[in-house]
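Secondary and tertiary structure notes
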Amino acid sequence: MADGGTNGNAAYVPWVRVFDSSRWRHAAQGLNIGWFFSGSGETVNLSLLVATSTYGATGRTRHRSDRGAIQAEAEQLRSHLELPGRLRSDGVDEIDLGLAHKLGDGLNAGAVRRVQNYEAAHVCGFRYQRHQIPDDETLLSDQHTLLRILLDASQEDGAALRPNGAPRTEASPTIETAGTCRRMRYSASWRTRVPDAKRNKAVELQAMSVVEDHYSSEGWTCIDVSGTEPFDLKLVRGDEQLHVEVKGLSGPGEAVTLTANEVRHAQTFPNCILAVVDDIRIEETPNGPAAAGGALRLWDPWIIDEDRLRPTQYRYGLT
């Protein structure tokens, strides 16, 4: 972990970054996760970034001057990612660190260039508004989501995911080893509160499988639209069409998390179903977590009960 904003004008955008020190000598030389506090003071951004610095001829770090290339690398990496859950629905593709704000008038050219590089290097992440910061569990979960992407992407062999800057070391840890090292630095309560992305994916896939098996046995054609629509399964049988929101849980379910888009769709589309698969079993295997079982519960039709909705955060538009 490294922090910035300690030298004069650099404090205009304070930042804290998380990076893989076994691969990169400096936080800004490879893929990294950054907390960036905008100069206007209105937002804080949690961002996955590509390199904004590289090695100079003397072996020291140098800020990159090819902002267009930085942005192209960020866009290329973004195009290779399959964004999970909340990052897909509530994440942002760009950050604004407030250079247009009057506080930026006194910045020198070098400081301006660094801030512009940070903005250009953004791949994906979250923006939090001042006075509307989510609870600790959401913040930790958001950072964990980006951390898993960082570990997976930094291990990718393809040139498309290879960040500019320092070459990789010969002896680099595997994803599993690196993930274990990082989790060991956090408390046990952090590990129990923040879900593991691979376990979540296994639970999600098992829930989809259980629901598809159920409706297929009733003569429905099941189409997985979870990657493009605000619901998970489209059911078609003759002229009939139903939309199903699928939720998988590894324990008994008393509540599920819904995105704003999921709620909006359920409130406007007349033929929605909520399918919850409880008590899915998870086993650790050499190939990662494996899920099985689960008890299916259906809300059919699913009519959103406003009294059961509990807001966990708000987004307030400024324009």
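How each quantity is defined
- Residues numbered from 1 in each chain as written.
- Predicted model: local features only at pLDDT ≥ 70, side-chain atom pairs only at ≥ 80, totals over all residues.
- Heavy atoms only, no water.
- Helix = DSSP H or I, 4+ residues; strand = E, 2+ residues; numbered from the N terminus.
- Phe/Tyr/Trp six-rings, centres within 6.5 Å; stacked < 30°, edge-to-face > 60°.
- Buried < 20%, exposed > 50% of the residue type's maximum accessible area, 1.4 Å probe, protein only.
- Lys NZ or Arg CZ within 6 Å of the ring centre and 35° of its normal.
- Core = buried A, V, L, I, M, F, W, Y, C linked by side-chain atoms within 4.5 Å.
- Contact = heavy atoms within 4.5 Å.
- Axes fitted to C-alpha atoms, helices over the stretch in contact; angles between N-to-C directions.
- Parallel < 35°, antiparallel > 145°, perpendicular 65-115°, else oblique.
- pLDDT = per-residue confidence, 0-100.
- Pairing = 2+ DSSP bridges.
- Polar contact = N/O pair within 3.5 Å; in protein donor to acceptor, adjacent residues only side chain to side chain.

1. A few points about unusual backbone geometry
- The linkage connecting Asp 300 with the following residue, Pro 301, adopts the cis geometry, with an omega of 0°.
- Mapped onto the elements of the fold, Pro 301 is located in the segment after strand 14 (295–299).
- Positive phi, normally seen in glycine, also occurs at Asp 279, with a value near 55°.
- Mapped onto the fold, Asp 279 is located in the loop between strand 11 (272–278) and strand 12 (281–285).

2. Considering the packing of aromatic side chains
- By the definition in use, this model includes three aromatic pairs.
- Ring plane angle 25° and centroid distance 5.9 Å describe the contact between Trp 35 and Tyr 128, whose orientation is recorded as stacked. In this pair, Trp 35 sits in strand 3 (residues 32–37) while Tyr 128 sits in strand 7 (residues 122–129), placing the two residues 93 residues apart along the sequence.
- The exposure class of Trp 35 is buried, given its relative accessible area of 15%.
- You can call Tyr 128 buried: its relative accessible area is 3%.
- Judged by centre distance (6.4 Å) and plane angle (20°), the ring pair of Phe 126 and Tyr 128 falls under stacked. This pair shows no difference in class: Phe 126 is buried, exactly as Tyr 128 is.
- Aromatic ring contacts, followed pair by pair, group Trp 35, Phe 126 and Tyr 128 into a single cluster.
- The residue whose ring lies beneath Arg 17 is Trp 15, and the NZ or CZ to ring-centre distance is 4.6 Å.

3. Concerning the nonpolar core
- Within the largest apolar cluster, 38 residues are counted, with the highest numbers of intra-cluster contacts made by Ile 33, Leu 48, Val 50 and Leu 146.
- Listed by contribution, the elements that provide at least two residues to this core are strand 2 (15–19), strand 3, strand 4 (43–49), helix 1 (67–80), helix 3 (109–121), strand 7 and helix 4 (136–155).
- When residues no more than four places from it in sequence are discounted, the contact partners of Ile 33 are Val 16, Arg 17, Val 18, Leu 46, Ser 47, Leu 48, Leu 49, Gln 143, Leu 146, Leu 147 and Leu 150.
- Grouped together as the second largest cluster of nonpolar side chains are 18 residues, Met 208, Val 210, Ile 273 and Ile 280 included.

4. Observations regarding the packing of helix 1 against helix 3
- Between helix 1 and helix 3, whose axes approach to 8 Å, the crossing angle comes to 25°. Classified by the angle their axes make, helix 1 and helix 3 are roughly parallel. Taken together, the residues of helix 3 that come into contact with helix 1 (itself represented by Arg 67, Ile 70, Gln 71 and Ala 74) are Gln 116, Asn 117, Ala 120 and Ala 121.

5. Examining the confidence of the model for the protein
- Here the protein averages 78 in pLDDT, and 78% of its residues register 70 or above.
- Across residues 1–10, where pLDDT falls below 50, the model places 21 contacts with residues more than four positions away in sequence or in other chains.
- Under a pLDDT of 50 for its full length, residues 157–195 has, in the predicted model, 72 contacts with residues more than four places off or in other chains.

6. Digging into the pairing of strand 13 (residues 288–292)
- Examined bridge by bridge, strand 12 and strand 13 share five bridges and lie antiparallel to one another. For Ile 282, the partnering residue across the bridge sits in strand 13 and is Ala 291.
- Between strand 12 and strand 13, which pair antiparallel and follow one another directly, the connecting turn spans two residues.

7. Things to note about the environment of Arg 64
- Tracing the chain through its elements places Arg 64 in the loop between strand 6 (61–63) and helix 1.
- On the basis of relative accessible area, Arg 64 is assigned to the buried category, the value being 3%.
- At a separation of 3.0 Å, a polar atom in the side chain of Arg 64 contacts the main-chain carbonyl oxygen of Ala 51.

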